[in-house]
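If you want the building blocks of each chain, they are given just below.
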There are 2 protein chains.
Amino acid sequence: MRTAFSPHHVERNPKTELSGGQLVTPFESPRRAELIKAAIETARLGPVLKAQAFDLEPVLRVHDAGFVAFLETVWQRWQAAGMAGEAIPTVFPARRMQARPVRNIEGQLGYYAMAVETAIDAGTYPAALGAKDAALTAAQWIALGDRCSFALCRPPGHHAAFDLYGGYCFLNNAAIAAQHLLDHGASRIAVLDVDFHHGNGTQDIFYRRDDVLFLSLHGDPQDAFPHFSGFADETGEGKGLGFTANYPLPPGTGWERWAEALEHALARVVHYAPDVLVVSLGVDTFERDPISFFRLRHPDFRRLGGRLGELGTPTLYVMEGGYAIDDIGQNVVAVLAGHLDR
Amino acid sequence: MRTAFSPHHVERNPKTELSGGQLVTPFESPRRAELIKAAIETARLGPVLKAQAFDLEPVLRVHDAGFVAFLETVWQRWQAAGMAGEAIPTVFPARRMQARPVRNIEGQLGYYAMAVETAIDAGTYPAALGAKDAALTAAQWIALGDRCSFALCRPPGHHAAFDLYGGYCFLNNAAIAAQHLLDHGASRIAVLDVDFHHGNGTQDIFYRRDDVLFLSLHGDPQDAFPHFSGFADETGEGKGLGFTANYPLPPGTGWERWAEALEHALARVVHYAPDVLVVSLGVDTFERDPISFFRLRHPDFRRLGGRLGELGTPTLYVMEGGYAIDDIGQNVVAVLAGHLDR
C-alpha cells in the first residue's frame, strides 16, 4: 500500500483555537501528521511518497471558485486590515439575514465559515493545497490499479463544504478525490465517513447526486459538533435522494453499537457496488480522544480495517480527524494493517 | 424629560470580546452607561429615575420563548459544561445546514447567535432584563403623556432579533418598547435607528408588519458589521413591504451626507405620521468612535436632536451603541438637549 503525503502540511501551524470561550493551542496540530507518517514507516505498511502537485482544476470540480479565491487571499487581506491575531470570524449570515460574500474581510470570513474555532494562519492555504495533492495522488494510484492507498492529508477536509470552511477543514480532500475518480473512469463512488464528527462538507457537495453514495457514522449532532448536520433525516435531495445515509450515535458509544451501524452502512455500500470506496478516516472515535465521546479501543480499529478490507473494493483512505496524539499513529496503522491483512 | 435607568446594567461586565482574532477587553463597558447618566445629571436634563420592573410578557411579544429561556439559562449551562471562559459560540447553522436548537449548549449558543464577538457572562441576563425595564418604563411615560423620554439602556438591543443575540445585544429594548406602545394605545410607531450599525434585530422583528415603520442610517454592510443586513434592497415583506427603509452609507460619511439620508428618512416618518417616534440612539457615528467609520462631530449631535425635536412627535429615545468613552456623555446629552430646545 502506498501513502501519499505532502510536506506542506507543516505550513499550517496556528497558535489559536476558540474553545470554551478561550483561545487555546489547537488540537489539530502538525505533530498529528508526522506521528502518523512515522507509525506507517515503522509498521512497514509500504512506501510513504511525496504527493504530486495538481492544479486547481480538480478542486473547482467540487468547490465554489469564489470560496477558493477567498482561501487563497484571506491571510494577506486579514493582515492588510491590521488585525493582530489569526483570522477568526466574528459575524455570519444568521437566520433571515442576507448571505452575500460582502467585500469586507470580516464579512467574507463569516460568509465562508461554518464554524469559528478554526483560525486561519499564513500557511493554511499552502497546507490545504498540499492535502488535496495527497488526496489526488492517492486517488490516482487507485485509478491506475492499486487496490488500497492512503492519503495522509493534513489539514483534514470533510467539514469543508461547497463554499464553507471550518472544523479544521478548508478543502474537502475526500470529495476532491472522489470527483477525480469519477472524472477518470469510475462511475460510482461510495464515501464512508468513520470520523467521530459528521462529514457535513462531503454530504453537502454530493447531496443532490446519485453517483456518490455518502454514509457517515458520527456523534449525534444534538450533542456533537457540527451540531447542525448529520441528523438521520438527511437522506439526499433530488436525484440524490436516498444516496446519503447518516448514523448519529450517542455519547459513550463503544465498538458493539458502532459496529452495528457500520454493518448497516456496509450493506448499503455492497448494494451500491461502487467502483471505489473512499474512507474518510478519523480516529477521533478513540476512547481517549480529547474532544469526542465515543469509546472505540485500539483493537477496534484493526477490526474496522479488516471489515473494510473484506469488501474487496478498491479503497482510498483519506485522513481526517483524531486528536489523541499519543495513540494516533498506532490507531491509523491498525485500520490500514487490518485492511491489508484481508 | 425623564430618563429611565436600571442599576442592573453593571451586572453585565464580561472580560472578553473576540476582535481581530484576539480576546480583548469589551468595547461595550459598564462605564458607558455611568458616563451617560452622569452627563445627563450634570446637564440637568431632568430626573434620572430607577426603571420599574416588568415581567417577561412584553418581551415575549417580540421575542421567541425558547430564545428567552436560552438567555436565562445559558450561563449556568455553560458553566455546568465545564467551560473555562465566557460563553462564546464556535459553530452555527451555516448555509444548507439545519437550523435546529439542539440540546448541547455549544450548539444552542450557535443557534441563537448572529455574531460571536459578544461573550455572555454571569450578569448578562439580569442586565438585559434591566435594560428592557428601562425601555418599558420610558415607553410608559410616553404612553401616559410625556412628550420625550430617554431609556438609558445597557446592554443595547437593536441587533437582537426574534431569536438571535449578538453585537452586544440580547433583548431588543427598542422593539419591546415599540410593541408595548402599540399594546397601550398607539396604532402606528416609527423606529428611527441612528446608531452607526444597522438595526438588524429591530428590522427582523417588524419586517412583515405595517404598524411599525423601521428606518435605519448606518455603515454600508459591505463594509460594516453586521455585514449581512441593512442593504438598501431590504424594504419589508408581505404586508410589511415598504415599511422598512435602509440608508447604507460609505466609510468617511460626515454630517452633510448623513443629514441628507436623515432628511429622506424623516420625510418618510412625517408621511407615516406615527403616534410615537422611537429613536434607537447610538452615538458611534462620532468621528472618534474606535470601531466605526462615520465622521459626525460633537455639534452634529445637537443638530440631530434639534431636527428630531422639530417633528413635534412624542419621542422615546432608546440608548444603543457608542464606544468613544471620553465623549459618549456629551454626545448623548447633545442629542437630547437639542431635542428639548425645540
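Just so you know, these numbers come straight off a predicted model, no measurement behind them.

Caption draft 1: Main features of the sheet that holds strand S8 (residues 244-249) of chain B. Residues and elements named next belong to chain B. The parallel open sheet is built from eight strands, whose spatial order is S4-S1-S5-S10-S9-S6-S7-S8. The open sheet is flanked by strand S4 (48-50) and S8, the only strands paired with a single partner. Averaged over neighbouring strand pairs, the angle between their axes works out to 20 degrees when direction is ignored. Contacts from helix H5 (residues 124-143) reach strand S1 (2-5), S4, strand S5 (148-152), strand S9 (276-281) and strand S10 (315-319) within the one sheet, and its direction differs from that of S5 by about 175 degrees.

Caption draft 2: Region of the structure containing the packing of helix H3 (residues 65-80) of chain A against helix H4 (residues 105-112) of chain A. All names here are of chain A. Running from N to C, H3 and H4 point in directions that differ by 140 degrees, and their axes come no closer than 11 Å. Taken together, H3 and H4 sit at an angle that is classed as oblique. The two elements H3 and H4 meet at a crossing, and its hand is left-handed. Contacts from Gly66, Phe67, Phe70, Val74, Arg77 and Trp78 in H3 reach Ile105, Glu106, Gln108, Leu109 and Tyr112 in H4. A class-by-class count of the residues in the contact of H3 with H4 yields seven nonpolar, two polar and two charged.

Caption draft 3: Main features of the relation of the copies chain A and chain B. Overlaying chain A with chain B gives an RMSD of 0.0 Å, the required rotation being 180 degrees about an axis along which the chain moves by 0.0 Å. On this basis, the relationship between the two copies can be described by a two-fold rotation axis. An overlap of 100% is found between the interface residues of chain A and their copies at the interface of chain B, pointing to a shared contact surface.

Caption draft 4: Looking closely at the interface of chain A and chain B. Counting residues at the interface gives 54 residues for chain A and 54 residues for chain B. Between chain A and chain B, the buried area comes to about 4700 Å², and carbon and sulfur atoms account for 58% of it. Counting the surface chain A buries against chain B, the share from its top three residues, Phe92, Arg95 and Phe228 of chain A, is 19%. Here chain A is connected to chain B by 12 salt bridges. The salt bridge involving Arg96 of chain A is made with Asp204 of chain B; its shortest N-O contact spans 2.5 Å. If you look at where chain A meets chain B, you find 30 residue pairs in polar contact (both at pLDDT 80 or more). Looking at which element gives the most residues to the side of chain A that touches chain B, the answer is H4 of chain A, with five residues. Among the residues forming the side of chain A that touches chain B, the class breakdown is 28 nonpolar, 13 polar and 13 charged.

Caption draft 5: Fine view of unusual backbone geometry. Along the chain, Arg154 of chain A connects to Pro155 of chain A via a cis peptide bond; the corresponding omega equals 0 degrees. For Pro155 of chain A, the location among the structural elements is in the loop between strand S5 (148-152) and helix H6 (173-182). A positive phi is found at Tyr168 of chain A, a non-glycine position, where the angle reads about 75 degrees. Its location among the elements puts Tyr168 of chain A in the loop between S5 and H6. Residue classification places Tyr168 of chain A among the buried residues on the basis of a relative accessible area of 7%. The phi torsion at Arg96 of chain B lies on the positive side, around 65 degrees, for a residue other than glycine.

Caption draft 6: Fine view of the pairing of strand S7 (residues 212-219) of chain A. All names here are of chain A. Burial analysis of S7 places eight of its eight residues in the buried class, which makes it a mostly covered element. Handedness of the crossover is the feature at issue here: the chain leaves strand S6 (residues 189-193), passes through helix H7 (residues 200-206), returns alongside S7, and the resulting connection is right-handed. By the bridge criterion, six bridges tie S7 to strand S8 (residues 244-249) in an arrangement that is parallel. Its bridge partner lying in S8, Phe214 is registered against Thr244.

Caption draft 7: Examining the packing of aromatic side chains more closely. Applying the stated criterion across every chain, the model contains 25 aromatic pairs over all chains. On the numbers, 4.8 Å between centres and 80 degrees between planes, the contact of Tyr111 of chain B with Tyr112 of chain B is edge-to-face. Judged by its relative accessible area of 9%, Tyr111 of chain B falls in the buried class. Using a relative accessible area of 5% as the deciding quantity, one classes Tyr112 of chain B as buried. Put simply, the rings of Phe67, Phe70, Tyr111, Tyr112, Tyr165 and Phe170 of chain A touch in pairs and so form one group of aromatic residues. Over the ring of Tyr111 of chain B we find Arg95 of chain A, and its NZ or CZ is 3.7 Å from the ring centre.

Caption draft 8: Expanded view of the environment of Gly130 of chain A. All names here are of chain A. Mapped onto the elements of the fold, Gly130 is located in helix H5 (residues 124-143). Relative accessible area serves as the criterion here: at 2%, Gly130 is assigned to the buried category. For Gly130 and His8, which are 122 residues apart along the polypeptide, the C-alpha to C-alpha distance reads 5.5 Å. Setting aside residues up to four positions removed in sequence, Gly130 forms contacts with Ser6 and His8.

Caption draft 9: Examining the packing of helix H9 (residues 298-310) of chain B against helix H10 (residues 325-341) of chain B more closely. All names here are of chain B. Closest axis-to-axis distance for the H9/H10 pair is 6 Å, and the angle between their directions is 35 degrees. As H9 runs across H10, the sense of the crossing is right-handed. Note on element contacts: H10 touches H9 through Gln330, Asn331, Ala334, Val335, Ala337, Gly338, His339 and Asp341, opposite His298, Phe301, Arg302, Leu304, Gly305, Gly306, Leu308 and Gly309. Partitioned by chemical class, the residues of the contact of H9 with H10 number six nonpolar, eight polar and two charged.

Caption draft 10: Geometry of the pattern of salt bridges. Per the counting criterion, the structure on display carries 42 salt bridges over all chains. A salt bridge links Glu237 of chain B to Arg208 of chain B; the nearest nitrogen and oxygen atoms lie 2.7 Å apart. With Glu237 of chain B in the loop between strand S7 (212-219) and S8 and Arg208 of chain B in the loop between helix H7 (200-206) and S7, this residue pair connects regions lying 29 residues apart in the sequence. For Arg208 of chain B, a relative accessible area of 53% puts it in the exposed group. One salt-bridge network, held together by shared partners, links Arg95 and Arg96 of chain A together with Asp163 and Asp204 of chain B.

Caption draft 11: Geometry of helix H10 (residues 325-340) of chain A. The end-to-end C-alpha distance of H10 of chain A is 24 Å, a good match for the 22 Å that 16 residues give at a rise of 1.5 Å each. Most of H10 of chain A is tucked away: 13 of the 16 residues are buried.

Caption draft 12: Up close: the confidence of the model for chain A. Scored by pLDDT, chain A has a mean of 98; 100% of the residues are at 70 or more. What the predictor reports for the complex is a pTM of 0.97 with an ipTM of 0.96.

Caption draft 13: Spotlight on helix H9 (residues 298-310) of chain A. Residues and elements named next belong to chain A. Compared with the 18 Å implied by 1.5 Å per residue over 13 residues, the 19 Å span of H9 between its first and last C-alpha is a close match. Considered for burial, the residues of H9 that qualify are Asp300, Phe301, Leu304, Gly305, Gly306, Leu308 and Gly309. Against S6, helix H8 (255-272), strand S9 (276-281), strand S10 (315-319) and H10 lie the buried residues of H9. Positioned one or two residues after H9, Gly312 has a phi angle of 75 degrees, which is positive.

Thresholds, definitions, all that
Residues numbered from 1 in each chain as written. Chains lettered and ligands numbered in written order. Predicted model: local features only at pLDDT ≥ 70, side-chain atom pairs only at ≥ 80, totals over all residues. Heavy atoms only, no water. Pairing = 2+ DSSP bridges. Helix = DSSP H or I, 4+ residues; strand = E, 2+ residues; numbered from the N terminus. Axes fitted to C-alpha atoms, helices over the stretch in contact; angles between N-to-C directions. Contact = heavy atoms within 4.5 Å. Parallel < 35°, antiparallel > 145°, perpendicular 65-115°, else oblique. Left-handed = near helix turned anticlockwise from the far one by under 90°. Nonpolar A, V, L, I, M, F, W, Y, C, P; charged D, E, K, R; others polar. Least-squares fit on C-alpha atoms with pLDDT ≥ 70 in both. Buried area = accessible area lost by both parts, 1.4 Å probe. Salt bridge = Lys/Arg side-chain N within 4 Å of Asp/Glu carboxyl O. Polar contact = N/O pair within 3.5 Å; in protein donor to acceptor, adjacent residues only side chain to side chain. Buried < 20%, exposed > 50% of the residue type's maximum accessible area, 1.4 Å probe, protein only. Right-handed = clockwise from strand over helix to strand, strands pointing away. Phe/Tyr/Trp six-rings, centres within 6.5 Å; stacked < 30°, edge-to-face > 60°. Lys NZ or Arg CZ within 6 Å of the ring centre and 35° of its normal. Expected span 1.5 Å × (residues − 1). pLDDT = per-residue confidence, 0-100.

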